[in-house]
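Chains, contacts and geometry: an overview
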Amino acid sequence: MKSTLLFTHDDRLKNRPVSFKEVDEQALHAIVQAAVNVELFTIPLYMTSLYSLQGMHEINSKGNNFYLGRTWPGMAATAKPATANEKAFNAVFSVFVAEMLHLQIVSNLAKVIGYEPKFTCEPLQDEETYAWKCYGDDKTVLPHILDFKDCVAPFDKVKVKTGAMNKEQVRLFLAIEQTETDAEKVLNPDKIAKYNEKAPFDNWKPGADLPLFGSIGNMYLQLWNYLSITYTDGATLWDIVFEKGKGGGDVAVQKEIFNPERLNPKTEPDPKDPGDDEYPGIATSIQNTESEAALLDAMNMINGITDQGEGGGVIKQILDRMNKSRGAHEHVNLSVVQDQFRPSCPVLKNKYPSFTATGADAPSAKADARDTFGKMDHFETFKFVMELLMEGQIETWDQWHAKGNSWSAESLQTAAYDASHNPQLPASGDIAGALNRLKLNDADEKNFELFSRASTGAIAGVTKVLNDYFKNPKTQFPYPSMGGSGDRMSICWAVFGKAPDISLGVTSPDDKPIDRTQHLYHACQGMSLDDVLKDNPETCATTAIYHTCKGSNDCKTEGGCGFVQKTTGGGLCGGKATAFYKTQPGWPAANTLPFSPPADNACKALGGCAVPISASQMYPAVKDGEEYRMQLYDFGDKPGFKPKSFGILDYEKGELVYDVAWKAYKAVLEKRGLPVPEKPKPSDLRLAFPPST
């Protein structure tokens, strides 16, 4: 029985020779990869402008008053925003999170149709350096969607570039999120035919570029057209790819960042517990094993993407065409009801709590932002931001610097600042001096280049892990990298007054290639355990290994955050490490696993985030049943550098992470019988970088 959801009645799509099955499947895969690219493309673009908004933020956590009286450059979401900058940040932050949702949805859809989505590939990125190639002053193409040179004035002057939150940039965002109808209106009549190709695409060959779609909605419509192709043997392309997507199992691998209970439903739900599903009204993954039910889920997924983005979108066209089909069922009656696509505020408040500088509970800032602007589609949200810009109320970091502003100790303090509180932390005046020097001493722009490459590396900390995340059921989502990439972008704006240049990639042409079979690279300033690489004591970690997540920490001795990791791996940052283990030489006779030390970690996922280590990063309290102990390692010969446990390092709550890392480094050198150098003073880079959150 043919599906009533597909366009099997369309003459163009039916009775297609079976000889086209293979090329049609590859074309479908190319379209779904294009959809992944489109959703991914918006994330660094929106994020760069988001963090251009001038402002400061506190770094707070439950039960801790570590940073009482201190504040760091860069905005964050605000509960009950009052200023234009706070409102604009909340608005675009909500869009940014929704784009991550869309990326998850379309990636799950890709898996269902038997395709492995890619997150570090052309045309967005250089696949070796992770440089973003799709943005620039000379770029005019929204990947797979539109070339602004094909538009009427003033759209023909739009450039696809990263930049501050200004009118020019928000016009670009509005053009991205516009409806199909509006997209057609801005096209030059002489160019419209270029955007009117319908599936199946004539003369398309595997490896060739797809036709430009004109709008995001039309891209999803053509995806649906391909699914609807019916061959002379009666099979639809959906039939073929859905079975392949199962891979011999019951259902394709699906991942859930936002609605985890879809994959792991609670056996005994508490009616008072709002649960963990942030978008209870949206199909964000497909668990149905029956073809028609799974297809309806796929339709709902596309509905969710296009409703949140452009408001309604392509689903109305799909439904109208279905209803003209003689076999359409009456129960298929999706309508655009925005409520169903909003995040659940009670869930957000529960999952994303906020805290005061003394560690007490505070209204959830992220819940406020996403609940308020979750009621609006992305086009409406950017119109709201444009209104703020038209009123002249928004200030960005480039404007702040243009006024001649510089950093002072007072600009990094709140009224509660007390220099005697946690005196091991760098003084606010020292941090201010570092922020100023990084800009003043940058005639050759080497500092700006470093910050730009650090931003690129932080984003790569997400995209590299995503390549594996949607393949491997055990791979965890790199949550810390998402926050870390914002931190890296934000501090670049605050120091230099301009956007990080993420087209540079994580390495320069002059850098030696990273070769972990020959070298042990180090996490931070002056702590190399390699027998060959001899760094200047003031040198920080090699830029190519900068990262902000344990999932993207590729190898040994490169982990450096304050979120302790158990020595067996697994769990999220700060996850509970209580477990029994077999005692090994040098391990304590206790029932708790020791943690993995910074810069002396045994391998991937046994280190942490934030390399280099912020000079202000401190260790929080451990959970009940855990101990302030770390397992020390020495390392064998290349190429494997096999880790060898040899002792235990004790540490304390509130101790600086770099100090603990240095203790571990010193212990390894002493075990090797080598002299211990003098511990270097924090570099300006480490002083400027905020603690991981």
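Check the entry above for the structure.
Reference entry: report on the structure contained in this document. (Residues numbered from 1 in each chain as written. Predicted model: local features only at pLDDT ≥ 70, side-chain atom pairs only at ≥ 80, totals over all residues. Heavy atoms only, no water.)

With that settled, the discussion passes to the pattern of salt bridges. According to the stated counting rule, one finds 30 salt bridges in the structure shown. Among the ionic pairs, K244 bridges to E25, the shortest N-O distance being 2.8 Å. Here the residue K244 occupies a position in helix α6 (residues 237-246), and E25 occupies one in helix α1 (residues 21-50), the gap between them amounting to 219 residues. Residue class for K244 comes out partly exposed when judged on its relative accessible area of 48%. One salt bridge in this structure joins R370 and E278, with 2.7 Å as the shortest N-O distance. Highlighted residues: R370 in helix α10 (residues 365-373) and E278 in the loop between α6 and α7 (291-310), separated in sequence by 92 residues. A residue is classified by how much of its surface remains accessible, and R370, at 4% relative accessible area, is buried. By relative accessible area, which is 0% here, E278 ends up buried. (Salt bridge = Lys/Arg side-chain N within 4 Å of Asp/Glu carboxyl O. Helix = DSSP H or I, 4+ residues; strand = E, 2+ residues; numbered from the N terminus. Buried < 20%, exposed > 50% of the residue type's maximum accessible area, 1.4 Å probe, protein only.)

At 3.6 residues per turn, the α-helix brings residues three or four places apart onto the same side. Taken as a whole, α10 has its buried residues at A365, A367, A369, R370 and F373. As for α10, its buried residues are in contact with α2 (84-112), α9 (345-351), β5 (354-355) and α11 (378-390). Its side-chain oxygen 3.1 Å from the backbone nitrogen of A367, S364 forms the N-cap of α10. (Contact = heavy atoms within 4.5 Å. Polar contact = N/O pair within 3.5 Å; in protein donor to acceptor, adjacent residues only side chain to side chain.)

Along the polypeptide, T48 turns up in helix α1. Setting aside anything within four residues of it in sequence, one finds T48 in contact with T162, G163, M489, W493 and A499.

Now for the side chain of H378. In this fold, H378 is placed in helix α11. Residue class for H378 comes out buried when judged on its relative accessible area of 3%. Among the polar contacts made by the side chain of H378, one reaches the side chain of E99 at a distance of 3.2 Å.

The next subject is the packing of aromatic side chains. As enumerated under the stated definition, the model contains 27 aromatic pairs in all. With centroids separated by 5.6 Å and ring planes inclined at 25°, the aromatic side chains of F119 and F470 adopt a geometry described as stacked. In this pair, F119 sits in the loop between α2 and β3 (141-142) while F470 sits in the loop between α14 (446-469) and α15 (479-496), placing the two residues 351 residues apart along the sequence. By relative accessible area, F119 is classed as buried at 1%. Taken together, the ring pairs in this structure connect F119, Y469, F470 and F477 into an aromatic cluster. A cation over a ring is seen here: R488 above F689, with NZ or CZ 4.3 Å from the ring centre. Over the face of the ring belonging to F448 we find K498, whose NZ or CZ atom lies 4.2 Å from the ring centre. (Phe/Tyr/Trp six-rings, centres within 6.5 Å; stacked < 30°, edge-to-face > 60°. Lys NZ or Arg CZ within 6 Å of the ring centre and 35° of its normal.)

Two elements in contact, α1 and helix α3 (residues 167-177), have axes whose closest approach is 11 Å; the angle formed by their N-to-C orientations is 150°. As far as their axial angle goes, α3 and α1 are roughly antiparallel. In this structure, α1 meets α3 at a crossing whose hand is left-handed. Taking contact as the criterion, the partners of F41, T42, L45, Y46 and S49 in α1 are, on α3, Q169, L172, F173, I176 and E177. (Axes fitted to C-alpha atoms, helices over the stretch in contact; angles between N-to-C directions. Parallel < 35°, antiparallel > 145°, perpendicular 65-115°, else oblique. Left-handed = near helix turned anticlockwise from the far one by under 90°.)

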